[in-house]
Amino acid sequence: MSEILQVKNLKKYYSVPSGTLHAVDDVSFTMNYGETLGIVGESGCGKSTLGKTLLRLIQPTSGEVIFEGQDITNVDQKGFTALRPKMQMIFQDPMSSLNPRFSISQQIAEPLKIYKVYKDKEQLNKRVLELMDTVGLARRYVETYPHELDGGRRQRIGIARALALNPKLIVCDEPVSALDVLIQAQILNLLQDLQKEHGLSYMFITHNLSVVKHISDNICVMYLGQVIEQCRTKELFTHTYHPYTKALLSAIPVPSLKDKRERVLLKGELTSPINPKNACRFAPRCLYAREQCHNSAPELVDLGNNHKCACHFVKEINGL
Ligand code: SF4
């Protein structure tokens, strides 16, 4: 079995005073063991809700989540407590995910204590120090507190906590976006090294296409709760089909003037995710929109090479 995770037609809707908010709308994909799937899109596109729904931090409205061959969509709380060690999360803001009153050793020991992994305190302390070594956190910080450390070191604590129970899948929710560029690179390299060493699978959620280019094997581009383009990472950067993905790519800074692309500026209003009508949700901002785009929603279609795109006019726009 090469697939660690299969997600089928997953939906997460919320009732709000003005109707139903479609935060995640009919999302399907698979993830392979030991690979990284990048989930990319602007703020509010539903990518974080998707990650939390997979880990059942939020209950899905409908759809299926199959983890290691087991349908976990409707597993009860007790069943999910048993699964939790295998599925972990790294959060965007380590400061808000850490307990300010816990020392570093207490933060890292917490999941091990909850799951009663060690009876012996000495073994527990030894494991905490091992985890600090694994994530490159100097042992001298063991009795310090989160506010005494910089963002990069705090994120290393978040990673150590996520690794403590030997997970197989980690959802990384914008884990480097709050860090400066140099620290971002260090954390990304650490995540890649840990993946190789421990055979981890990552779902890497970000708004930054250049970050996913660096770390992902596959990419799903999301727009207003839906996947609009999906393929291998290399394929996306050589053949970009969807007008929205083209606009995202054009915004990536390039190191030399020779490679400079023309920036596609998105104009027009964002479609409301509340009671969206049967239409392409990108239509109000799309340069290529026509009448059909405003009256029917395009399906995600495989254009070959497992490259899927949701656009009525994808062949015409790309000369396929
Ligand atoms: Fe643009 Fe129409 Fe394609 Fe949507 S379906 S991306 S509006 S051309």
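Keep in mind it's a predicted model, so treat the numbers as computed, not measured.

J.: Can you lay out the overall build of the chain for me, pointing to particular residues and giving the numbers?
T.: For the chain, the helix and strand inventory stands at 12 helices and 12 strands. Relative to the globule expectation of 20 Å for 320 residues, the C-alpha radius of gyration of the chain, 21 Å, shows essentially globular dimensions. Projected onto its principal axes, the C-alpha positions of the chain cover 70 × 50 × 40 Å. Counting over 320 residues, the chain shows a buried share of 48%.

J.: Describe the packing of aromatic side chains, listing the residues and the values that go with them.
T.: In the structure shown here, the tally under the stated rule is three aromatic pairs. Every member of this aromatic cluster is reached through a ring pair, and the members are Y223, Y244 and F282. Stacked on the ring of F313, the Lys or Arg R290 has its end atom at 4.1 Å from the ring centre.

J.: Now, about the site of the ligand: what can you tell me, with residues and values included?
T.: In the vicinity of the ligand, 14 residues are found, and the nearest of them are C280, C286, C293, C311 and H312. Looking at the shell around the ligand, its residues break down into 12 nonpolar, two polar and no charged.

J.: Go over the sheet that holds strand β2 (residues 19-32) with me, naming the residues and quoting the values.
T.: Reading across the sheet, the four strands line up as β2-β1-β4-β5 and stay open at both edges, with antiparallel pairing between neighbours. Two strands close off the open sheet at either side, each with one partner strand: β2 and β5 (70-71). Pairing between strand β1 (residues 3-16) and β2: 11 bridges, direction antiparallel. Counted as the bridge partner of E3 is N32 from β2. The strands touched by helix α1 (residues 47-54) are β1, β2 and β4 (62-67); relative to β1, the strand with the most contacts, the crossing angle is about 115°.

J.: Kindly report on the environment of C45, identifying the contributing residues and their values.
T.: Tracing the chain through its elements places C45 in the loop between β3 (36-40) and α1. Since its relative accessible area comes to 4%, C45 is described here as buried. The sequence separation of C45 and L224 amounts to 179 residues, and the corresponding C-alpha distance is 4.3 Å. Setting aside chain neighbours within four positions, we find C45 in contact with A23, M222, Y223, L224 and G225.

J.: Can you tell me about the side chain of R281, naming the residues and giving the values?
T.: Note on placement: R281 falls in the loop between α10 (243-250) and α11 (291-295). Take R281: its relative accessible area is 9%, and that puts it in the buried class. Within the structure, R281 has its side chain in polar contact with the side chain of D25 (distance 2.5 Å). Excluding anything up to four places from it in sequence, R281 contacts H22, D25, Y223, L224, Q226, T271 and P276.

J.: Please give an account of the pattern of salt bridges that cites residues and values.
T.: Note that side chains of opposite charge can pair when their charged atoms are close. Summed over all chains, the structure comprises 11 salt bridges. Across the pair R285 and E42 runs a salt bridge, and its minimum N-O distance is 3.2 Å. Note that R285 is positioned in the loop between α10 and α11 and E42 in the loop between β3 and α1, a separation of 243 residues in sequence. When its relative accessible area of 12% is taken as the criterion, R285 is described as buried. On the accessibility criterion, E42 (28% relative accessible area) is partly exposed. Here R139 makes a salt bridge to D133, at a shortest N to O gap of 2.6 Å. A relative accessible area of 43% means that R139 is categorised as partly exposed.

J.: Can you explain unusual backbone geometry? Please cite residues and give values.
T.: Despite not being glycine, E174 has its phi angle at roughly 45°, a positive value. Among the secondary structure elements, E174 is positioned in the loop between β7 (169-173) and α7 (181-198). We classify E174 as buried; its relative accessible area is 9%. Here N275, not a glycine, exhibits a phi torsion of approximately 50°, which is positive. You can see N275 is positioned in the loop between α10 and α11.

J.: Run through α1, naming residues and quoting values.
T.: Across the eight residues of α1, six count as buried, placing the element largely inside the fold. All of the buried residues in α1 are K47, T49, L50, G51, T53 and L54. Looking one or two places after α1, you find R56, whose phi comes out positive at around 60°.

J.: Can you lay out the pairing of β4 for me, pointing to particular residues and giving the numbers?
T.: Direction of pairing for β1 relative to β4: antiparallel, over a ladder of five bridges. Within β4, the residue paired with K11 across the bridge is S62. Bridging between β4 and β5 involves two bridges; their strand directions are antiparallel. Looking at β5, one finds that F67 is bridged to Q70. The antiparallel pairing of β4 with β5 creates a hairpin that spans two residues between the two strands, and E68 there sits at a positive phi of about 50°.

Calculation rules
- Residues numbered from 1 in each chain as written.
- Predicted model: local features only at pLDDT ≥ 70, side-chain atom pairs only at ≥ 80, totals over all residues.
- Heavy atoms only, no water.
- Helix = DSSP H or I, 4+ residues; strand = E, 2+ residues; numbered from the N terminus.
- Rg over C-alpha atoms; globule rule 2.2 N^0.38 Å.
- Buried < 20%, exposed > 50% of the residue type's maximum accessible area, 1.4 Å probe, protein only.
- Phe/Tyr/Trp six-rings, centres within 6.5 Å; stacked < 30°, edge-to-face > 60°.
- Lys NZ or Arg CZ within 6 Å of the ring centre and 35° of its normal.
- Near = heavy atom within 4 Å.
- Nonpolar A, V, L, I, M, F, W, Y, C, P; charged D, E, K, R; others polar.
- Pairing = 2+ DSSP bridges.
- Contact = heavy atoms within 4.5 Å.
- Axes fitted to C-alpha atoms, helices over the stretch in contact; angles between N-to-C directions.
- Polar contact = N/O pair within 3.5 Å; in protein donor to acceptor, adjacent residues only side chain to side chain.
- Salt bridge = Lys/Arg side-chain N within 4 Å of Asp/Glu carboxyl O.

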